[in-house]
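Breakdown of the fold
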Amino acid sequence: MKFRNLFFVLGLLLSFSCKTPTDVYKIEGRNVNITDSLQADAAIERFVKPYRERINKDLDSVLGYAVDTYSKSDGHLNTAIGNLMADIVYEESDPVFFKRIGEHIDFVLLNHGGIRSIISKGPISKRTAYEIMPFENSIVVAKLPGAQVQELLEYLSRAKRAHPISKLKILLDKDGKVIESAINDQPIDFTKTYNIATNDYLINGGDGMDFFKGSEAVIILDYKIRNALTDYFMKTDTINPVADDRFLQLQD
Amino acid sequence: MKRREFIQQTTAASAVIGLGGLGLQSFSSAPKKITILHTNDVHSHIDAFGPENGRNPNQGGVARRATLIESIRAENPHTLLLDAGDIFQGTPYFNYYGGELEFKLMSMLKYDAATIGNHDFDNGLEGLYAQLPHAKFDFVSANYDFSNTIMDTHAKPYKIFVKNGIKIGVFGLGIELAGLVDKQMYKETVYLDPVEIAQDMARTLKENEKCDLVICLSHLGYNYKNNDQKPSDLSLAKRTKDIDLFVGGHTHTFLPKPTIVKNSVDKNVLVNQVGCFGINLGKIDFYFDDAKNKSAEGVSILV
């Protein structure tokens, strides 16, 4: 018994001194910049290469040509590039919407800030669509009552920015008041509900377009803006958009 | 009863003596070092930025990160590699392959765990789920309840790693999805309050699981100056205890070095985040010993 006791004590002592070290006594922390002074790992490079080449081939294959260079800063209330973008959204998504709902889109409203790049004169590729629209924003259609369409017009007259529109026409007087407006070349009936194609960013309150909160319904098309651009470029040889009379302000 | 207990204890003690005799050298060995490496918000940035890039010329790149990580592992094999979310979205690699390449590369780099960022829902729960077979690492998320979704059981609240005998508990936290991610994308994912969950997790890992090191892998964001009600890494670090390190993401915060914060019981906690796009790698070294090495002020922190 005594012998056993001795073992026990010895064991306890040893297990104490053998205790795994589990107390932190020092911490060192730093953030290391990854620069070109580091050699690229060859195995990783080899692995990525076929993916990269396949993407570049697809992105850079020529789909069409741009007659000129187009920028969203070329123009006051409407620009060639903005008109092109809104017209493409109308043209590409109206058949999708009609197939789904059996109605047509009445007009399109996007945001000036949603044009993320210029279109350069020369070849157009899928990369062009990625540059203009790097985000994943999708096309949605809002069923907007006339009262909210009125608010939309007031918003545009206050903003005085070239927010891209299609099938909508607005004329402001020199003080910035709406004096003429039309949807699809018809006078607007403010007792009617209109189908307005826009993007999911704006429908969720982006750029303070609060009138969209009054939508009676929102139809999601599952169609990305970038894909609409690509689809259009694929079937169009030459793009030659112009600033026109869809949104103007009288001078003098 | 007492006698039986005593005999059991004695047997155990003899076993310890036996082991002690064999492994005496290891007991007198040097302190142990655990290295935590981390990234966040890489956003599909697989290739390095080119020389023409206005903000980060010639920086980043997965292949270079691999070289750096390998050299650190060669120096200390007891290393954990973590990612704090937003792996997806930002370059055509994601648009073309849906995250497959990101997960495959992270697996090649031997990531140990990642948490889920808001952009990791960009192709919906189905899109994330579809890529899981390509990830040889685990996802941790303690405050997203995926029970009623396809992701159920595919993200654990926490994971425990044992490196060089040191037990490391890593739990994940995600940001509130409503208003940030389309409901169609996250569906029935339930967001739980990160403050409560963090306290629960810290208790579980420290007290029940007896972890030596507790790490919160978070996609909450570093700090919200204009909204101190919004949960962030800094606010959680101050309001909790028993967490040693917050590895953060979401706000793309380029910290020049880890921040030291006092927690609810006045102990130091490290909060770190390394910006975005794989431009930086965070490296935190924890040195372990028995209490003898501790200076009078406690743990020495060099950042």
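Keep in mind that what you see is a predicted model, and the values were worked out from it rather than measured.

On a plain count of helices and strands, chain A comes out with 7 helices and 13 strands. For 252 residues, the compact-globule estimate of 2.2 N^0.38 gives 18 Å, and the C-alpha radius of gyration of chain A, at 30 Å, exceeds that figure by more than 25%. Dimensions along the principal axes, computed over C-alpha positions, put chain A at roughly 110 × 45 × 45 Å. For chain A, the residues scored as buried account for 49% of the 252 residues in total. Within chain A, counting contacts between residues at least 6 apart in sequence, those at least 24 apart form 80% of the total. By element, 52% of the accessible surface of chain A is carried by carbon and sulfur atoms, the whole surface being about 12,800 Å². Taking the average place of the 31 positive charges on the side chains of chain A and the average place of its 35 negative ones, the gap between the two points comes to 11 Å.

This next bit is on the overall build of chain B. When helices and strands are counted, chain B shows 9 helices and 14 strands. Here chain B holds 303 residues, and 55% of them are scored as buried. Pairs at least 24 residues apart make up 75% of the contacts formed inside chain B by residues separated by at least 6 positions.

Residue and element names in this part refer to chain A. With respect to topology, 5 strands assemble into an open sheet ordered E6-E3-E10-E5-E11, the strand pairing being mixed. Edge positions in the sheet fall to strand E6 (165–166) and strand E11 (217–224), since each of these pairs with one other strand and no more. With 2 bridges connecting them, strand E3 (residues 107–109) and strand E10 (residues 193–199) associate as parallel partners. Within E10, the position partnered with Phe-107 by the bridge is Ile-196. Contacting E3, strand E5 (138–145), E6, E10 and E11, helix H3 (residues 80–101) runs over the sheet at an angle of about 110° to E11.

Right, let's talk about the UniProt feature "domain: 5'-Nucleotidase C-terminal" (unreviewed entry) in chain A for a bit. UniProt annotation of "domain: 5'-Nucleotidase C-terminal" (unreviewed entry) refers to residues 73–213 of chain A when read in the numbering used here. Structurally, residues 73–213 of chain A is divided into 33% helix and 26% strand, and its ends, taken at the C-alpha atoms, are 29 Å apart.

Here the focus is the pattern of salt bridges. It is possible for side chains bearing opposite charge to pair when their charged atoms get close. Under the criterion given, the structure shown has 23 salt bridges over all chains. Here A:Asp210 makes a salt bridge to A:Lys213, at a shortest N to O gap of 3.4 Å. Residue classification places A:Asp210 among the partly exposed residues on the basis of a relative accessible area of 42%. Taken together, the shared-partner salt bridges in this structure form one network comprising A:Glu45, A:Arg52 and B:Asp47.

Attention now moves to the side chain of B:Asn40. All names here are of chain B. Among the secondary structure elements, Asn-40 is positioned in the loop between strand E1 (32–39) and helix H3 (62–75). Judged by its relative accessible area of 2%, Asn-40 falls in the buried class. Within the structure, Asn-40 has its side chain in polar contact with the side chain of Asp-41 (distance 2.9 Å). Reaching out from Asn-40, the side chain makes a polar contact with the backbone nitrogen of Val-274 at a distance of 2.9 Å. Non-local contacts of Asn-40, meaning those with residues more than four positions away in its chain, are made with Asp-83, Ala-84, Gly-85, Gly-248, Gly-249, Gln-273, Val-274, Gly-275, Cys-276 and Phe-277.

The UniProt record annotates "domain: Calcineurin-like phosphoesterase" (unreviewed entry) at residues 35–253 of chain B. As a span, residues 35–253 of chain B carries 29% helix and 19% strand, and end to end its C-alpha atoms are 22 Å apart.

The next point concerns the nonpolar core. Formed by 49 residues in total, the largest nonpolar core has its most connected members in B:Ile116, B:Phe121 and B:Phe139. Among the secondary structure elements, those contributing two or more residues to this core are helix H2 (42–60) of chain A together with H3, helix H4 (92–97), helix H5 (100–108) and helix H6 (124–131) of chain B. Here B:Phe121 is in contact with B:Ile116, B:Tyr144, B:Phe146, B:Leu177, B:Val181, B:Met185, B:Tyr186 and B:Thr189, once residues within four sequence places are set aside.

Let us now look at the confidence of the model for chain A. For chain A, per-residue confidence averages 92 on the pLDDT scale, and residues scoring 70 or more make up 91% of the total. Segment residues 9–19 of chain A: pLDDT under 50, and 7 contacts once partners within four positions in sequence are set aside and those in other chains are kept.

All names here are of chain A. One can describe the packing of H3 onto helix H7 (residues 225–235) by two numbers: an axis separation of 9 Å at closest approach and a directional angle of 90°. Between H3 and H7, the crossing angle belongs to the class labelled roughly perpendicular. Across the interface between the two elements, Leu-84, Met-85, Ile-88, Glu-91 and Glu-92 of H3 pack against Ile-225, Ala-228, Leu-229, Asp-231, Tyr-232, Phe-233 and Lys-235 of H7. Of the residues that constitute the contact of H3 with H7, the class distribution is 8 nonpolar, no polar and 4 charged.

All names here are of chain A. Pairing is mixed in the open sheet, where 3 strands are placed in the order E4-E2-E12. Each having just a single partner strand, strand E4 (122–125) and strand E12 (238–239) make up the two edges of the open sheet. Bridge count for strand E2 (residues 62–66) against E4 is 4 bridges, and the pairing is antiparallel. Pairing of Val-62 across the sheet is with Ser-125, part of E4. Strand contacts of H7: E2, E4 and E12, with the helix running at about 85° to E2, the strand carrying the most contacts.

On to the packing of aromatic side chains, then. A full pass over the atoms with the stated rule returns 17 aromatic pairs over all chains. Between B:Tyr144 and B:Phe146 the ring centres are 5.9 Å apart and the planes differ by 65°, which places this aromatic pair in the edge-to-face class. Note on accessibility: B:Tyr144 and B:Phe146 belong to one class, buried. The residue whose ring lies beneath A:Lys26 is B:Tyr287, and the NZ or CZ to ring-centre distance is 4.4 Å. Over the ring of B:Tyr224 we find B:Lys230; its NZ or CZ atom is 4.8 Å from the centre of that ring.

The rules behind these values
Residues numbered from 1 in each chain as written. Chains lettered and ligands numbered in written order. Predicted model: local features only at pLDDT ≥ 70, side-chain atom pairs only at ≥ 80, totals over all residues. Heavy atoms only, no water. Helix = DSSP H or I, 4+ residues; strand = E, 2+ residues; numbered from the N terminus. Rg over C-alpha atoms; globule rule 2.2 N^0.38 Å. Buried < 20%, exposed > 50% of the residue type's maximum accessible area, 1.4 Å probe, protein only. Contact = heavy atoms within 4.5 Å. Areas by Shrake-Rupley, 256 points an atom, 1.4 Å probe, with all protein chains shown as cover. Lys, Arg positive; Asp, Glu negative; His and termini not counted. Charge placed at Lys NZ, Arg CZ, Asp CG, Glu CD. Pairing = 2+ DSSP bridges. Axes fitted to C-alpha atoms, helices over the stretch in contact; angles between N-to-C directions. UniProt positions renumbered as here; feature names shortened; annotations may be inferred. Salt bridge = Lys/Arg side-chain N within 4 Å of Asp/Glu carboxyl O. Polar contact = N/O pair within 3.5 Å; in protein donor to acceptor, adjacent residues only side chain to side chain. Core = buried A, V, L, I, M, F, W, Y, C linked by side-chain atoms within 4.5 Å. pLDDT = per-residue confidence, 0-100. Parallel < 35°, antiparallel > 145°, perpendicular 65-115°, else oblique. Nonpolar A, V, L, I, M, F, W, Y, C, P; charged D, E, K, R; others polar. Phe/Tyr/Trp six-rings, centres within 6.5 Å; stacked < 30°, edge-to-face > 60°. Lys NZ or Arg CZ within 6 Å of the ring centre and 35° of its normal.

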